[in-house]
Amino acid sequence: MSRKAATVLRVARSTTRLLWRSAPRLTLFVLLSQVAAAAGAAAALLLVRALIATLVGDTGGSGGPLPLLLGLGALLGSSSVLLAVQRHLMTLLGEHVAMYAMERVLDVACRVELAAFDSPEFHGRLRRVQDAGHRPIEFTEALLSATSSLLTGVAVLGTLWVIDPLLVVCVLLSTVPLLLAGAAASRGMFTLSVDLVRNDLRRTYVRSLMTGRESAKEVRVFGLASALSARHRTLFAERLVALRAVLRRITWLSLLGGVGTALGVALGGGLLVRSVAAGELTVASAATAVAALMQVVPLLVGASQSVAQVYENSLFVDDYERFCADEARLPVAAEGRPAPASLDRVTVEHVTFTYPGAAVPALRDVSLSVRRGEVVALVGPNGSGKTTLAKLLCGLYRPDLGAIRWDGTDLAELDPDGYRARLTVMFQDFIRYQFTAAENIALSTQRSVAEAARRAGVHDFVARLPAGYETVLSRELSDGVDLSGGQWQRIALARAFHRDAPLVVLDEPTAALDAEAEHDLFTRLRDLYTDRAVVLVSHRFSTVREADRIYVVEGGTVTESGEHRDLMALDRTYARMFRLQAAGYAPPLRPAGTPVASGRG
Ligand SMILES: Nc1ncnc2c1ncn2[C@@H]1O[C@H](COP(=O)(O)OP(=O)(O)OP(=O)(O)O)[C@@H](O)[C@H]1O
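None of these values were measured; they are calculated from a predicted model.

## Comments concerning the state of the cysteines
- Per the counting criterion, the structure on display carries 0 disulfides.
- Looking at C110, it has no disulfide partner, and the nearest cysteine sulfur is the one in C324, 13 Å off.

## Some words on the sheet that holds strand β5 (residues 409–410)
- As summarised here, the arrangement of the 4 strands in space is β2-β1-β4-β5, forming an open sheet in which the pairing is antiparallel. The open sheet terminates on both sides in strands that have one partner only, identified here as β2 (363–371) and β5.
- Relative to strand β1 (residues 345–353), helix α11 (residues 386–393) is tilted by about 120°, and along the sheet it contacts β1, β2 and β4 (401–406).

## Points about the site of the ligand
- Taken together, 13 residues lie near the ligand, and G383, G385, K386, T387 and T388 sit nearest.
- Between the ligand and the protein, one listed contact pairs an oxygen atom with a side-chain N or O atom of N382 at 2.9 Å.
- One nitrogen or oxygen atom from the side chain of H539 is found 2.9 Å from an oxygen atom belonging to the ligand.
- Split into classes, the residues belonging to the shell around the ligand amount to 3 nonpolar, 8 polar and 2 charged.

## Things to note about the UniProt feature "transmembrane region" (unreviewed entry) in the protein
- If you check UniProt for "transmembrane region" (unreviewed entry), the listed places come out as residues 66–85, 142–160, 166–185 and 252–277 in our numbering.
- Across residues 66–85, helical content stands at 100% and strand content at 0%; the span's end C-alpha atoms are separated by 28 Å.
- Between the C-alpha atoms that bound residues 166–185 the distance is 30 Å, and the span itself is 100% helix and 0% strand.

## Focus on the environment of Y397
- Here Y397 lies in the loop between α11 and β4.
- With relative accessibility at 6%, the residue Y397 sits in the buried group.
- C-alpha separation for the pair Y397 and L114, spaced 283 residues apart in sequence, amounts to 6.5 Å.
- Every residue in contact with Y397, bar those within four places of it in the chain, is listed here: L114, A115, D118, F353, Y355, K391 and L392.
- A polar side-chain atom of Y397 sits 2.7 Å from a polar atom in the side chain of D118.

Conventions used here
Residues numbered from 1 in each chain as written. Predicted model: local features only at pLDDT ≥ 70, side-chain atom pairs only at ≥ 80, totals over all residues. Heavy atoms only, no water. Disulfide = S-S within 2.5 Å. Pairing = 2+ DSSP bridges. Helix = DSSP H or I, 4+ residues; strand = E, 2+ residues; numbered from the N terminus. Contact = heavy atoms within 4.5 Å. Axes fitted to C-alpha atoms, helices over the stretch in contact; angles between N-to-C directions. Near = heavy atom within 4 Å. Polar contact = N/O pair within 3.5 Å; in protein donor to acceptor, adjacent residues only side chain to side chain. Nonpolar A, V, L, I, M, F, W, Y, C, P; charged D, E, K, R; others polar. UniProt positions renumbered as here; feature names shortened; annotations may be inferred. Buried < 20%, exposed > 50% of the residue type's maximum accessible area, 1.4 Å probe, protein only.

Next comes the structure, spelled out in structure tokens:
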């Protein structure tokens, strides 16, 4: 079996499964309507035959032409109703299948390792399969249409076979170039969509900058509109160039296919003329054969187009199925043991980690530990690896070398979802969900959110919003409210506080908080998290000095560690950075000779 046929068969099976799983009753109705349509067509043929028999007086005792005519009329009427019902059912089924297909993609997207999101290839595939939701139903429609054209074609070919089997051979040969051209065109369109996916992603991104609320401010202040539209036009022009090249090839292929078909038909015509001239065929038979040829050729052209559609859609559905199968196989399923509910100590042991595709490791031979009841701080310059370490602690990436252990057990041996459920985190780039305030604090549970909001110091503020915790925090999706940067950060903190977990990771939790709120949070941090292990990433030395242990991360490695006093005594990077920041708050130095204000007037 050719590879193309194997793909189509595989996709026919997977599409049937998709249809059935997405909407079993609708699928059944569609099938029944197809059977009814076929039965109606057969009944119409029988009625026509009976009518002709009645009209030529060869009735065998039936009740005259009127009931037959009425029956035929009723059949024709009901067939047009059936057609409308079929369209209705197919539209609904298409929506169900697209929804089901999308749900599978979303499921995979939420389960894959975070590393996948660092790969442009993954984003390309994700985009392609998201766009392929309509393909299963189009595959089904094309398959039905090809089958019905082929069945009708076979019936007409039967007439030709009776007149001269060679004519059938000519007709079949004439469809081969069309089929080949169609298959090449289908592959061309599929390859084009693969090649253009990066371009599509970039265009979508540029468009989102030009239309998004987040970017609207900068686009206006920095006057980015014309630069962005130029970029959009360039990307569109690149797309057009690629599209034109493929369309040109497809047109040439269709032309060659058409010439092949014309030659096949001409050969059939030549055969007819020769047979008539040789007296092997009556003029009446030759006329019937010409009529059949005239009928069968457009039928087969239509069938070839449908077959090409079947093939094109099968390539997209196959791609989609491979994505679901491949990505689902990534090691993220609930394998491994569940993490213990309690925690005594998390240790990072000689961990080295390089982001996918990065040239240098983001972390090199990093070791640290945090115990229950301890607050451990990570400090260091921008880009030194603090957030990366936080992400590894959250089990979002796996170390290349070394291990992270939860009470001695390597995280690699634990079920990742179960492990993540044992920790809570506030990321530096936390998400501002355009949902209600309550949902921003706890989307996945119904547990009371007020206590967490109180801890984050945001309860009073939220309670004063127009609809309190039910206020939607969006001006884009509803007539809700937007918050200030600090208010958003407190909401994100409340989200972290809402989960009762033994490991707490806070990455720059106070960057946008006012001085009072920051001070308040840090003085309460220990009370909030007695009995928890807290890892705190911060650039604010005034807050990290209280930590039980401070790790200084520089260039992906831990260069110093200890308590504030020890690190100050060491007088290296920490002490230098601490003094630098403290100097910013020191009173300005007086130029020499300036009198000191007495303050007594
Ligand atoms: N997804 C990624 N893919 C590739 N490289 C990355 C990725 N995320 C971060 N990096 C790189 O890893 C290094 C460490 O980044 P990280 O975000 O951990 O720094 P950081 O210490 O938290 O910095 P900051 O203080 O600015 O938040 C940087 O060089 C950064 O460019």
